[in-house]
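Observations on the three-dimensional arrangement
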Amino acid sequence: MANPVLRSVHRYPVKSLGVQTSDEVAVEPWGLDGDRRWMLVDKAARVITQRQQPFMARISAVLLTDGGIALSAPGRPPLRVAVPGPERLVEVELHRDTVTVTEAVAEAHDWFGEVLGSEARLVHLDDPARRRAVDPQYARPGDMVSLADGYPLLLTTTASLDALNDLIAAGDRPHEGPLPMDRFRPNVVLGSTEAWAEDGWRRIAIGEVRFSVVKPCGRCVITTTDQRTAERGREPLLTLARHRRVGNQLLFGQNLIPDGTGVIRVGDPVTILD
């Protein structure tokens, strides 16, 4: 088996919206540059994701050079949103965390409300140092994360996806497969590995940037959402429940914490350090 290689790099400028794929991205202490620095909240200031609004998969957000975003959605005019100023600080709930963020202009709230058919406010994490929500069981003092659920990056491998798709094909709902990698919303996708090899990794380097491989990723209903149509099925959760269950977690992919900063590029070699 050849040494692993970085196949693709993905950012999600707005949490739970469409993906932005790049050939190279800077790695910061809290994750990839520009990844999940924006998110939507409801009228009670609680996070909105594809769990509640699968149509979010069909909304595109492209990161601009100044940190703002360009939004587009089927049937709606596009909208550009600038990074809000520090005078617009608000507190919001991201799962079990309370996070201080800045609130976008009213035009952005109105745009999302019309697209989703319910009240939604767009907010921005201007200072990632405000959120130190990485699970202390796996993190070191000072580890940070942006507006991702819990960890700075998510790694998946093409070999494990192929193995999962083989299991789906042999299961009760083969017509739902094969599934594309975008169902799992990774940041980095590696090729040239054996299936499930990532389960045994503890530290890796992608190019010259090192990462700790800290915890398998427990998957949720978002993985059953077609990222192009927003329609839902039952896979891969049915198959993960049979073959990749540990306790109450259905596992696919590994959470990473950067051990340094730098730039990663598609084609970079991946070194398994431990």
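In this report, we go over the structure that sits alongside the text. Within any chain, residue numbers begin from 1 and follow the written order of that chain's sequence. This being a predicted model, a pLDDT of at least 70 is required before a residue's local features are given, and a value of 80 or more before pairs of side-chain atoms are given or counted; all residues contribute to the totals for chains, interfaces and linings. Heavy atoms throughout the structure, all of them, feed into the side-chain values; hydrogens and water do not.

1. Re the sheet that holds strand β5 (residues 38-41)
Think of a sheet as strands paired side by side through backbone hydrogen bonds, with each pair either parallel or antiparallel. On the basis of which strands lie adjacent, the open sheet formed by five strands has the order β6-β5-β12-β11-β10 and antiparallel pairing. One side of each edge strand has no neighbouring strand; the edge strands of this open sheet are β6 (47-48) and β10 (89-94). For two strands to pair, DSSP has to find at least two bridges joining them. Note on conventions: DSSP H or I runs of at least 4 residues are helices, E runs of at least 2 residues are strands, and numbering of each starts at the N terminus. Both β5 and β6 contribute to a ladder of two bridges, which runs antiparallel. Note that in β6 the partner of valine 41 across the bridge is valine 47. Only heavy atoms matter for contacts: two residues are in contact if any of them lie within 4.5 Å across the pair. Here an angle of 0 to 180 degrees is reported between the N-to-C directions of two axes, which are lines fitted to C-alpha atoms, with helices fitted over the stretch in contact. Across the face of the sheet, helix α1 (residues 106-116) comes into contact with β5, β11 (97-103) and β12 (121-124) while running at roughly 130° to β12.

2. As for α1
Inspection of α1 places Ala108, His109, Trp111, Phe112, Gly113, Val115 and Leu116 among the buried residues, and these make up the whole buried set. Of the surrounding secondary structure, the elements contacted by the buried residues of α1 are β5, β8 (69-73), β9 (76-81), β11 and β12. Positive backbone phi, at 75°, marks glycine 117, one or two positions downstream of α1. Exposure is judged per residue with a 1.4 Å probe applied to protein chains only, and the accessible area is read against the type maximum: over 50% gives exposed, under 20% gives buried, and values in between give partly exposed.

3. Observations regarding unusual backbone geometry
A cis geometry characterises the amide bond from glycine 177 onward to proline 178, with omega recorded as -10°. Relative to the elements of secondary structure, proline 178 occurs in the loop between α2 (158-169) and β14 (188-191). The amide bond that connects glutamate 235 to the next residue, proline 236, takes the cis arrangement and shows omega of 15°. Residues other than glycine seldom take positive phi values, yet alanine 45 does so here, at roughly 70°. Inspection of the secondary structure puts alanine 45 in the loop between β5 and β6.

4. A look at the environment of glutamate 103
Looking at the secondary structure, you find glutamate 103 in strand β11. It is 7.6 Å that separates the C-alpha atoms of glutamate 103 and arginine 121, two residues lying 18 residues apart in sequence. Excluding residues that lie within four positions of it along the chain, glutamate 103 makes contacts with Pro84, Arg88, Val90, His109, Arg121, Leu122 and Val123. As used in this structure description, the phrase polar contact means that two N or O atoms lie within 3.5 Å; if the pair is within protein, one of them must be able to donate a hydrogen and the other to accept it, and residues adjacent in sequence are counted only when both atoms belong to side chains. One polar contact links glutamate 103 to histidine 109, side chain to side chain, over a distance of 3.4 Å. A polar atom in the side chain of glutamate 103 sits 2.7 Å from the side chain of arginine 121.

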